[in-house]
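# Summary of structural features
The lines below spell out each chain.
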Amino acid sequence: MALPPLVEPAAELSVDEIRRYSRHLIIPDVGMDGQKRLKNAKVLAVGAGGLGSPTLLYLAAAGVGTLGIIDFDTVDESNLQRQIIHGVSDIGTPKAESAARSIAEVNPLVNVVIHNTALDRDNVKEIFSQYDLIVDGTDNFATRYMVNDAAVLLGKPYVWGSIYRFDGQASVFWEEHGPCYRCLYPEPPPPGMVPSCAEGGVLGVLCASIGSIQVNEAIKLITGIGEPLVGRLMVYDALEMEYRKIKVRKDPNCALCGDNPTVTDLLEDYEDFCGAVSEEAQEAVTGSTITVRELKDWQDSGKDIFLVDVREPAEWEINRIPGAVLIPKGEILSGEALAKFPQDKQIVLHCKSGVRSAEALAALKTAGFKDAVHVQGGIVSWVSVIDPSLPSY
Ligand SMILES: [Zn+2]
């Protein structure tokens, strides 16, 4: 389904612009008209991280006139494996500012708008309304649903992408012409089911594979060329090197864009909607959570504890808390590893940040280990509070 161009053309291109964009101008489908539309376009990148890096760089190079960047995070060394818009000298700098500097180097003709803040229900509509198109590169479900809901409520199209390990997905959601994200995924996955990239990892170059699809779709929407990815989901498998396109239909029962919507404004709390941990885990950790400081005190006082790291072996290779043994969460949930747990010691579970250990704690308590506890904030907290000399990830 071809769609009309999203953006009206700018009045004219300068001599500098004609020289700079000549390789676009000589493509008949883009031409002077398309380049003028790009010049007039206002695009917002949500996140200047893995997906935001290539999308911002290529949108800038392509001559998108106004680029907004919203990100509240600062550049960390562990970002540089994939977030190619940032460099070593940017470590510690707000990502939005670092990205703006790189964009100025690629194309000083771009007007960059920095939103050095977290996107939330109080600012999302006001920020989105300043742009023609949103490019979503967020890495968490709470923000993803909020981006979708705000875009649908404002009638804005957005280009969505997601990445995990070797797998990527991309689509264009535009309520007026096709399904929304909620039509595709009505419910967020159960907490703890889908690890984030920080928990599960991501192949750096996957960001470029999916980010380039997002830019491609953004350019098509702005200039009105080709078949936009509306109503279709692109699924990419980097290991098999396979791209598949799946049809996605508008769901008449969609809570947001269906015939009888139940979601008519932004939700009060998207974190709550997506759930930090499951209800069972929430119940299990209540009154059974210790801090890393308490764990260190227990160790120092010689308390007889059985400290279990429930992360994966690859994470265990990176760092570990002294005295811990590795029993991955899956082996606890399946019951396979239950025999390894002593009946006469204080059991303490930890993971990276406290989500997986909460899930494992729920399973252990169900199996009868009523006194088991887990460590709030996991090894991330241990590194920051107890031992900053340990490597982190
Ligand atoms: Zn929908």
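Sequence order as written defines the numbering, with residues in each chain counted from 1. Given that this is a predicted model, residues contribute local features only at a pLDDT of at least 70 and side-chain atom pairs are listed and counted only at 80 or more, while totals for whole chains, interfaces and linings are drawn from all residues. Hydrogens and waters are ignored; side-chain quantities use all the structure's heavy atoms.

## Things to note about the domain arrangement of the chain
Domains are outlined according to an automatic or database domain assignment. The domain boundaries assigned to the chain delineate domain 1 (15-274) and domain 2 (279-386). In this structure, domain 1 and domain 2 have C-alpha centres spaced 36 Å apart. Two residues form a contact once any of their heavy atoms are found within 4.5 Å. In this assembly, four residues from domain 1 lie in contact with seven residues from domain 2. Buried area: the accessible area, evaluated with a 1.4 Å probe, that two parts lose upon being put together, summed over both parts. Carbon and sulfur atoms supply 29% of the area buried between domain 1 and domain 2, which totals about 440 Å² over both sides. We define a salt bridge as a contact between a side-chain nitrogen of Lys or Arg and a carboxyl oxygen of Asp or Glu at a distance within 4 Å. Linking domain 1 with domain 2 are zero salt bridges. Under the grouping applied here, Gly and all other residues not named as nonpolar or charged are polar, the nonpolar ones being Ala, Val, Leu, Ile, Met, Phe, Trp, Tyr, Cys and Pro and the charged ones Asp, Glu, Lys and Arg. When the residues that make up the side of domain 1 that touches domain 2 are grouped by side-chain class, the tally is two nonpolar, one polar and one charged.

## Looking at the pairing of strand S7 (residues 232-237)
Every regular strand shows the same layout, with side chains that alternate between the two sheet faces. For S7, the buried fraction is high: five of the six residues fall into the buried class. The pairing criterion for strands is at least two bridges between them, as found by DSSP. Strands here mean DSSP runs of E at least two residues long; helices mean DSSP runs of H or I at least four residues long; both are numbered from the N terminus. Both strand S6 (residues 167-173) and S7 contribute to a ladder of five bridges, which runs antiparallel. Following the sheet pairing, Ser 171 is matched in S7 by Leu 233. Strand direction decides the pairing type here: S7 and strand S8 (residues 242-247), joined by six bridges, are antiparallel. Bridge pairing in S8 places Met 234 opposite Lys 245. Hairpin remark: S7 followed by S8, antiparallel, with four residues in the connecting loop; positive phi at Met 241, about 50°. A simple rule labels every residue: compare its accessible area, found with a 1.4 Å probe on the protein chains alone, to the largest value its type can have, and call it buried under 20%, exposed over 50%, or partly exposed in between.

## Concerning the packing of aromatic side chains
In this analysis, rings of Phe, Tyr and Trp, with Trp reduced to its six-membered ring, are considered paired at centre separations within 6.5 Å, and the interplanar angle assigns stacked below 30 degrees, edge-to-face beyond 60, and tilted for intermediate values. The full count for this structure, using the stated rule, is 11 aromatic pairs. Centre to centre, the rings of Tyr 145 and Tyr 181 are 5.0 Å apart; their planes meet at 75°, and the pair counts as edge-to-face. Within this pair, whereas Tyr 145 is found in helix H7 (residues 141-154), its partner Tyr 181 is found in helix H8 (residues 181-184), the two being separated by 36 residues in sequence. As far as the burial class goes, Tyr 145 and Tyr 181 line up, both buried. Here Trp 160 and Phe 173 contribute two aromatic rings whose centre-to-centre distance is 5.8 Å and whose plane-to-plane angle is 50°, an arrangement assigned as tilted. Placement of the pair is Trp 160 in strand S5 (residues 158-164) and Phe 173 in strand S6, with a sequence separation of 13 residues.

## Description of the nonpolar core
Among buried residues, those of type Ala, Val, Leu, Ile, Met, Phe, Trp, Tyr and Cys that are joined through side-chain atoms within 4.5 Å constitute a nonpolar core. By size, the foremost hydrophobic cluster in this structure holds 45 residues, and its most contacted members are Val 43, Leu 56 and Leu 67. At nine residues, the largest contribution of residues to this core is made by helix H10 (residues 206-223). Beyond its immediate chain neighbours, meaning those up to four positions away, Leu 56 contacts Ala 45, Ala 48, Leu 67, Gly 68, Ile 69, Ile 85, Ala 99 and Ile 103. Ala 150, Trp 160, Leu 233 and Val 235 belong to the second largest nonpolar core, which has 34 residues in total.

## Thoughts on the packing of helix H13 (residues 292-300) against helix H17 (residues 378-385)
When two helices pack together, their arrangement is given by the angle between their axes and by how far apart the axes lie. Contact geometry for H13 and H17: axes closest at 9 Å, N-to-C directions at 75°. By the angle between their axes, H13 is roughly perpendicular relative to H17. Between H13 and H17, the contacting residues are Val 292, Arg 293, Leu 295, Lys 296 and Gln 299 on the first element and Gly 378, Ser 381, Trp 382 and Val 385 on the second. For helices, the fitted axis covers only the stretch in contact; all axes are lines through C-alpha atoms, and the angles between them, taken along N-to-C directions, range from 0 to 180 degrees. Oblique is the label for any angle not covered by the other classes, which are roughly parallel (under 35 degrees), roughly antiparallel (over 145) and roughly perpendicular (65 to 115).

## Description of the sheet that holds strand S3 (residues 111-115)
Sheet strands pair by backbone hydrogen bonding; their relative direction is either parallel or antiparallel. Strands sit in the order S3-S2-S1-S4-S5-S6-S7-S8 across an open sheet of eight strands; the sheet is mixed. Every interior strand has two partners, whereas the edge strands, S3 and S8, have only one. Across the sheet, the mean angle separating the axes of adjacent strands is 15° when strand polarity is ignored. Bridge count between strand S4 (residues 133-136) and S5: three bridges; the pairing is parallel. Opposite Asp 136, over in S5, you have Trp 160 as the bridge partner. The strands touched by helix H4 (residues 52-62) are strand S1 (42-46), strand S2 (66-70) and S4; relative to S2, the strand with the most contacts, the crossing angle is about 165°.

## Re the coordination of the zinc ion
Each protein donor to the zinc ion is listed here as Cys 180 (SG), Cys 183 (SG), Cys 254 (SG) and Cys 257 (SG); together their distances run 2.3 Å. As a rule, N, O and S atoms within 2.8 Å of a metal are its donors, except that Na, K and Ca use 3.2 Å; water is not among the atoms, so sites may look incomplete. Just to be clear on the cut-offs, tetrahedral is four donors with all angles between 85 and 135 degrees, square planar is four donors and octahedral six with opposite donors over 155 degrees apart and all others between 65 and 115, and anything else goes down as irregular. Its four donor atoms give the zinc ion angles of 93 to 121° at the centre, a pattern that matches the tetrahedral case. For the zinc ion, the single-chain donor residues occur in sequence as C-x2-C-x70-C-x2-C. By relative accessible area, which is 8% here, Cys 257 ends up buried.

## A few points about the UniProt feature "domain: Rhodanese" (unreviewed entry) in the chain
UniProt positions are given in the numbering used here, feature names are shortened, and annotations may be inferred rather than shown by experiment. Feature annotation in UniProt assigns "domain: Rhodanese" (unreviewed entry) to the following positions: residues 301-391. Regarding residues 301-391, the helix share stands at 34% and the strand share at 16%, and the terminal C-alpha atoms are separated by 26 Å.

## Some points on helix H5 (residues 95-106)
Within an α-helix, residues lying three or four positions from one another point in the same direction, as the helix has 3.6 residues per turn. Expected helix span is computed as 1.5 Å times (number of residues minus one). Relative to the 16 Å expected for 12 residues at 1.5 Å per residue, H5 spans 17 Å between its end C-alpha atoms, a close match to the ideal helical length. Listed in full, the buried residues belonging to H5 are Lys 95, Ala 96, Ser 98, Ala 99, Ala 100, Ser 102 and Ile 103. Check the buried side of H5 and you find it contacts H4, S2 and S3.

## Points about the environment of Lys 352
Take Lys 352: it is sitting in the loop between strand S12 (346-350) and helix H16 (355-366). Setting aside anything within four residues of it in sequence, one finds Lys 352 in contact with Ala 198, Glu 199, Arg 311, Glu 315, Gly 377, Gly 378, Ile 379, Val 380 and Tyr 393. Any pair of nitrogen or oxygen atoms within 3.5 Å is treated as a polar contact; in protein, a donor-acceptor pairing is required on top of that, and neighbouring residues in sequence qualify only through side-chain atoms on both sides. From its side chain, Lys 352 meets the backbone oxygen of Tyr 393 in a polar contact 3.2 Å long.

## So, the sheet that holds S12
Sheet architecture is open: five strands sit in the order S9-S13-S12-S10-S11, paired in parallel fashion. Edge positions in the sheet fall to strand S9 (289-290) and strand S11 (325-326), since each has one partner strand and no second. When strand S10 (residues 305-309) meets S11, the two strands line up parallel, connected through two bridges. The partner of Val 308 across the bridge, within S11, is Val 325. Together, S9, S10, S12 and strand S13 (373-375) form the strand contacts of H13, whose direction differs from that of S10 by roughly 135°.

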